[in-house]
Amino acid sequence: GAVVSQHPSRVICKSGTSVKIECRSLDFQATTMFWYRQFPKKSLMLMATSNEGSKATYEQGVEKDKFLINHASLTLSTLTVTSAHPEDSSFYICSAKEFGRGNEQFFGPGTRLTVL
Amino acid sequence: QKEVEQDPGPLSVPEGAIVSLNCTYSNSAFQYFMWYRQYSRKGPELLMYTYSSGNKEDGRFTAQVDKSSKYISLFIRDSQPSDSATYLCAMSGNTGGFKTIFGAGTRLFVKA
C-alpha cells in the first residue's frame, strides 16, 4: 500500500519550453501532496505544499509563476516548470500524505529534468 | 542553528556490522519521527515511523527517540551491502501545520 508514482521519470527539454510532471497516489487518497527539489548529494528542498482543491503554498524563494502546481483531485498533483532554463535542471520528487493517516509522507520515484 | 542536524558522512562499515545513524533537533514540539532510505536517483522510502519517545523495531532496523535529549537514532543490525544508501531523518509536530523537516541525510556504504 501507499504507492506514489511520478511521470515522466526522466525528461530532457530545450530552454524556454515548459515541462509538466505528474504525481499520483495509486492506492490511497492524498489530501496533501508535496513537491521537493533535490540537488546531487544534497537533501530535499521543499518547494511547495499542495492541497486538493486549493492553491498551493510555496516556500520562501520559490517562484509560483515559474513552478505551477495543480492538485485537481485526491490522487493527482502536477508540477509545471514554465519557460525552463538550464538552472532548473534537477531531481524533482513528490510525496503524499494519506487522508486520515498520520504524518508519514510517501514519496514518488522522482523525475530527473535536464534543460539544454 | 538548523532545526535538524544530521552528519552527512560518508559512513563506511564492513558487512555484518551494526550501524548507528543519528539526528539531533532543537524544536521540542516535534512529536513524529521518521527515517527514510534513499538509493541513488530514487525517491526516499519510508523505513520507520514513530510517535513520541521510545523504541520501535522492524526486522533488522530499530528506531529510538529520546525527546528529553532531542536525539533520535536508527540502528541497522547485520548490515548488508544492499543497505548502502542515504538515510534521512525527518520529524514534524503540531507547529507549522505539521510541516516535516528533513535532515541532510547520511550516506552509508556497507562493504562486502
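The structure we're discussing is the one just above.
Because the structure is predicted, anything quoted here is derived from the model rather than measured.

Draft legend 1. Expanded view of the sheet that holds strand 1 (residues 4–5) of chain B. Residues and elements named next belong to chain B. Spatial ordering of the open sheet is given by 1-3-8-7-6, a layout of 5 strands whose pairing is antiparallel. If you trace the sheet from one side to the other, it starts and ends with strand 1 and strand 6 (54–58), each paired once. Here 6 bridges tie strand 3 (residues 19–25) to strand 8 (residues 71–76), and the two strands are oriented antiparallel to one another. For Thr24, the partnering residue across the bridge sits in strand 8 and is Tyr71.

Draft legend 2. Region of the structure containing the state of the cysteines. Counted by the stated rule, this structure contains 2 disulfides over all chains. The residue that forms a disulfide with A:Cys23 is A:Cys94, at a sulfur-sulfur distance of 2.0 Å. Across the S-S bond of A:Cys23 and A:Cys94 the torsion is about 80°, and the bridge reads as right-handed. Taken together, the positions of A:Cys23 in strand 3 (residues 19–25) and A:Cys94 in strand 9 (residues 90–98) put the pair 71 residues apart, joining distant regions of the chain. Through a disulfide, B:Cys23 is tied to B:Cys89; the S-S separation comes to 2.0 Å. Its torsion about the S-S bond being -100°, the disulfide of B:Cys23 and B:Cys89 is classed as left-handed. Here B:Cys23 is found in strand 3, whereas its partner B:Cys89 is found in strand 9 (residues 85–93), with 66 residues between them in sequence.

Draft legend 3. Summary view of the packing of aromatic side chains. With the rule as written, the count across this model stands at 12 aromatic pairs over all chains. Between B:Tyr32 and B:Tyr49, the aromatic rings sit 6.3 Å apart at their centres with planes inclined by 15°, giving stacked as the arrangement. With B:Tyr32 in strand 4 (residues 30–38) and B:Tyr49 in strand 5 (residues 45–51), this pair connects stretches of sequence that are 17 residues apart. This pair shows no difference in class: B:Tyr32 is buried, exactly as B:Tyr49 is. What links up through ring pairs into an aromatic cluster is the set A:Phe34, A:Tyr36, A:Phe107, B:Tyr36 and B:Phe102.

Draft legend 4. Inspection of the environment of A:Pro8 at higher detail. Residue and element names in this part refer to chain A. Residue position: Pro8 is located in the loop between strand 1 (4–7) and strand 2 (10–13). You can call Pro8 buried: its relative accessible area is 17%. Measuring from C-alpha to C-alpha, the distance between Pro8 and Thr111 comes to 6.2 Å, with 103 residues separating the pair along the chain. Those residues within four positions of Pro8 in sequence are excluded, and the remaining contacts are Lys20, Ile21, Gly110 and Thr111.

What counts, and at which threshold
Residues numbered from 1 in each chain as written. Chains lettered and ligands numbered in written order. Predicted model: local features only at pLDDT ≥ 70, side-chain atom pairs only at ≥ 80, totals over all residues. Heavy atoms only, no water. Pairing = 2+ DSSP bridges. Helix = DSSP H or I, 4+ residues; strand = E, 2+ residues; numbered from the N terminus. Disulfide = S-S within 2.5 Å. Phe/Tyr/Trp six-rings, centres within 6.5 Å; stacked < 30°, edge-to-face > 60°. Buried < 20%, exposed > 50% of the residue type's maximum accessible area, 1.4 Å probe, protein only. Contact = heavy atoms within 4.5 Å.

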